[in-house]
Amino acid sequence: MKIEIRGVERLSFRERQVVSLKEMGYSTDKIAKQLNLSPSTVSTLYNRARTKGYEVVIIIPGQNLALFGIDEEEEDKA
């Protein structure tokens, strides 16, 4: 799985850090501890980043979803 953040150029360095960790599912408290910030600062950074309009795209290879059998995937590649 790969996460792509579109519009990241509009975010500050700290906002990028917070958004990346938030989008990976980490809690505000865990992010605060990891980045040596207060939980309220993490919340502020995340909310500020959201107002700047970034977009998260998650890229998951098809084989990881087990949507196709092995034979079907090989036929598609041929």
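Up top is the structure.
Residues numbered from 1 in each chain as written. Predicted model: local features only at pLDDT ≥ 70, side-chain atom pairs only at ≥ 80, totals over all residues. Heavy atoms only, no water.

## Points about helix α2 (residues 28–35)
Since the α-helix turns once every 3.6 residues, residues separated by three or four places project in the same direction. When we look at burial in α2, the residues that qualify are T28, I31, A32 and L35. The buried residues of α2 all sit within an arc of 100° when viewed along its axis, so they share a single face. Those residues of α2 that are exposed and aimed more than 90 degrees away from the buried face are D29, K30, K33 and Q34. Looking at the buried positions of α2, the neighbouring elements they touch are α1 (13–23) and α3 (39–51). At the C-terminal side of α2, N36 shows a positive phi close to 60°. (Buried < 20%, exposed > 50% of the residue type's maximum accessible area, 1.4 Å probe, protein only. Helix = DSSP H or I, 4+ residues; strand = E, 2+ residues; numbered from the N terminus. Arc of directions from axis to C-beta. Contact = heavy atoms within 4.5 Å.)

## Here we look at the side chain of T28
Relative to the elements of secondary structure, T28 occurs in helix α2. Looking at T28, the relative accessible area reads 19%, which means it is buried. Aside from chain neighbours lying at most four places away, what touches T28 is K22, P39, V42 and S43.

## Section: the pattern of salt bridges
On inspection of all chains with the given rule, the structure shows 2 salt bridges. Note that R6 and E4 form a salt bridge whose closest N and O atoms lie 2.8 Å from each other. The closest approach of N and O atoms between K52 and E15, which form a salt bridge, is 2.9 Å. You can see K52 sitting in the loop between α3 and β2 (55–59) and its partner E15 sitting in helix α1, a full 37 residues away along the chain. Given a relative accessible area of 31%, K52 falls into the partly exposed group. (Salt bridge = Lys/Arg side-chain N within 4 Å of Asp/Glu carboxyl O.)

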